[in-house]
Amino acid sequence: MHKAAIFAAEIFMQTIIGEDIEKARHYLMNGELVGIPTETVYGLAGNALDENAVVKIFEAKNRPSFNPLIIHVGSWQMLEKYVEHVPAKAKLLADKFTPGPLTFLLPKKNTVPDMVTAGSDKVAIRIPNHPLTLSLLKSLDFPLAAPSANPFGYISPTTAQHVLEGLEGKIPYILDGGAANVGLESTIIGFDERENVLLYRTGGISAEQIEEVLKEKIAAAQISPQKNPETSGRLKSHYAPHTPLYIGNIDELKKQFDGKQIAIISFTRQIDGIDENRQFVLSPSGNLAEAAKNLFTALRLTDKLKVDVILAEKFPDEGIGRAINDRLGKAQAENKK
Ligand code: TXA
Ligand code: MG
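Keep in mind the model is a prediction, meaning the values are calculated, not measured.

Helix and strand counts for the protein stand at twelve helices and 15 strands. In terms of C-alpha radius of gyration, the protein reaches 20 Å, essentially the compact-globule figure of 20 Å for 337 residues. Overall, the protein is about 60 × 60 × 40 Å in size when its C-alpha atoms are taken along their principal axes. Within the protein, buried positions represent 53% of all 337 residues. Within the protein, counting contacts between residues at least 6 apart in sequence, those at least 24 apart form 69% of the total.

So, in structure tokens, the structure goes:
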């Protein structure tokens, strides 16, 4: 590479956190990236129709380019501009859950660059439920491609500060919309040839909620690596802290790691014999939605303690508890090997 080019690439960009939608809009219209708040996690947004902006997203995240991006729009009308066809069940679920944490995998129109979908003829698209980002999206005449705003493989950000920790100097602006309400990524659904729903990633909307609306059971999507682009949420290791994490019955795990420096993530209660400052109770009242909201912050905080191991309790396998267990599963030590 030419020396001047190397120097240019190394110039440190100052990253500002603010609440100015106009500023965010200005950067996005000029092909720059902006951290945006959503109800699930913060996104690293760029103009989905501009291939240069999309390349910047992959670079800033260090994300492999075979890994497709979700695009975000401000309304159902805008969504229909980018997809060829909407199955009846998609509309039914959209009426109930959007704006909200539900992403639809639908046949894309040609205007959506192949780079966004990693070559797939389907695009993942959703309407996020956050007032700042909804007004931003409504003010733009293009959709925003936005993966979670974390370096590839690390824990998704649920505050503007988390975004800064991972991407400082790589993006000019982070739109601060407070702590994310849901705290886990959106649920991703697709459709089979009979237009029945397939679950690609569990998240902010539970399978039970979807089944209640459809009045039928839904199946998990079978991902064939040859035919489908990798769904990063389905990679074995993801959302992972640097500290080894183990899941199970805390009392048993505690014995197993006797003598080690331990931090704990539990559902409702503290564990005897461990320093209180190293314990993160996600919901003392036993509310799974509250636990989901606190999960990623707790993972980040335990990671910062620099202990030997993080021990996490297994959550009830129901509703959003399943999404919590899914994320913890991908954070665990065995999957990092
Ligand atoms: O809640 C969310 O969905 C957040 C916020 C920012 O909207 N976004 C998010 O993006 O979680 P990301 O990139 O971290 O995860 C998107 C997932 C990945 O697992 C990706 O592989 C999958 O969606 N995906 C995107 N487009 C796809 C496609 N065309 N076919 C199959 N999977 C796709
Ligand atoms: Mg992600």
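That was the structure; now back to the text.
Along the chain, Thr268 falls in the loop between β13 (262-266) and β14 (279-281). Linking Thr268 and Pro64, residues 204 residues apart in sequence, is a C-alpha distance of 37 Å. Those residues in contact with Thr268 that lie beyond four places of it in its chain are Val281, Ser283, Pro284 and Gly286.

With that settled, the discussion passes to the packing of aromatic side chains. Each aromatic ring pair is summarised here by two numbers: the centre-to-centre distance and the angle between the ring planes. Within the structure shown, the criterion is met by four aromatic pairs. Ring centres 5.0 Å apart and planes at 50 degrees place the aromatic pair Phe267 and Phe315 in the tilted group. Of this pair, Phe267 sits in the loop between β13 and β14 while Phe315 sits in the loop between β15 (309-313) and α12 (320-331), and the two are 48 residues apart along the sequence. A residue is classified by how much of its surface remains accessible, and Phe315, at 2% relative accessible area, is buried.

It is worth spelling out the sheet that holds strand β12 (residues 245-248) at this point. The strand order β12-β15-β13-β14 describes an open sheet built from four strands, whose pairing is parallel. On the outer flanks of this sheet lie β12 and β14, each paired with one strand and no other. Taken over all neighbouring pairs, the strand axes of this sheet differ in orientation by 15 degrees on average, direction set aside. Sheet topology note: the β13/β14 ladder contains three bridges and is parallel. Its bridge partner being in β14, Ile265 is matched across the sheet by Phe280.

Turning next to the nonpolar core. One finds Ile71, Leu93, Phe104, Ile125 and Ile189 to be the most contacted residues of the largest nonpolar core, which totals 46 residues. Aside from chain neighbours lying at most four places away, what touches Ile189 is Leu93, Leu102, Thr103, Phe104, Leu105, Val197, Leu198, Leu199, Tyr200 and Ile210. If you look at the next biggest cluster of nonpolar residues, it comprises 26 residues, including Val182, Ala292, Leu295 and Ile310.

Right, let's talk about α12 for a bit. In a regular helix each residue adds 1.5 Å, so twelve residues correspond to 16 Å; α12 covers 17 Å between its end C-alpha atoms and thus fits that length. A large share of α12 lies buried, amounting to ten of its twelve residues. Of the residues making up α12, those classed as buried are Ile320, Gly321, Ala323, Ile324, Asn325, Arg327, Leu328, Gly329, Lys330 and Ala331. Of the surrounding elements, those touching the buried residues of α12 are β10 (197-201), β12, α11 (288-304) and β15.

With that settled, the discussion passes to the side chain of Arg327. Within the fold, Arg327 resides in helix α12. You can call Arg327 buried: its relative accessible area is 0%. Among the polar contacts listed, one links the side chain of Arg327 to the side chain of Glu185, at a separation of 2.9 Å. There is a polar contact of 2.9 Å between the side chain of Arg327 and the backbone oxygen of Thr202.

It is worth spelling out helix α3 (residues 51-61) at this point. Residues of α3 that are buried include every one of Ala53, Val54, Ile57, Phe58, Ala60 and Lys61, and no others. Two to three positions downstream of the cap, the backbone nitrogen of Asn52 sits 2.9 Å from a side-chain oxygen, assigning the N-cap of α3 to Asp50. Once α3 ends, the next one or two residues include Asn62, with phi positive near 65 degrees.

What follows covers the sheet that holds strand β6 (residues 122-126). Sheets are built from strands paired through backbone hydrogen bonds, the pairs being either parallel or antiparallel. With mixed pairing, the eleven strands of this open sheet are ordered in space as β1-β8-β2-β3-β7-β4-β6-β5-β9-β10-β11. In this open sheet, the two edge strands, each paired with only one partner strand, are β1 (16-18) and β11 (219-220). Sheet topology places β1 next to strand β8 (residues 173-175); three bridges connect them, and they run parallel. Looking at β8, one finds that Gly18 is bridged to Leu175. The sheet strands contacting α3 are β3 (43-47) and β7 (144-145), and the helix crosses β3 at an angle near 155 degrees.

Scoring rules and cut-offs
Residues numbered from 1 in each chain as written. Chains lettered and ligands numbered in written order. Predicted model: local features only at pLDDT ≥ 70, side-chain atom pairs only at ≥ 80, totals over all residues. Heavy atoms only, no water. Helix = DSSP H or I, 4+ residues; strand = E, 2+ residues; numbered from the N terminus. Rg over C-alpha atoms; globule rule 2.2 N^0.38 Å. Buried < 20%, exposed > 50% of the residue type's maximum accessible area, 1.4 Å probe, protein only. Contact = heavy atoms within 4.5 Å. Phe/Tyr/Trp six-rings, centres within 6.5 Å; stacked < 30°, edge-to-face > 60°. Pairing = 2+ DSSP bridges. Axes fitted to C-alpha atoms, helices over the stretch in contact; angles between N-to-C directions. Core = buried A, V, L, I, M, F, W, Y, C linked by side-chain atoms within 4.5 Å. Expected span 1.5 Å × (residues − 1). Polar contact = N/O pair within 3.5 Å; in protein donor to acceptor, adjacent residues only side chain to side chain.

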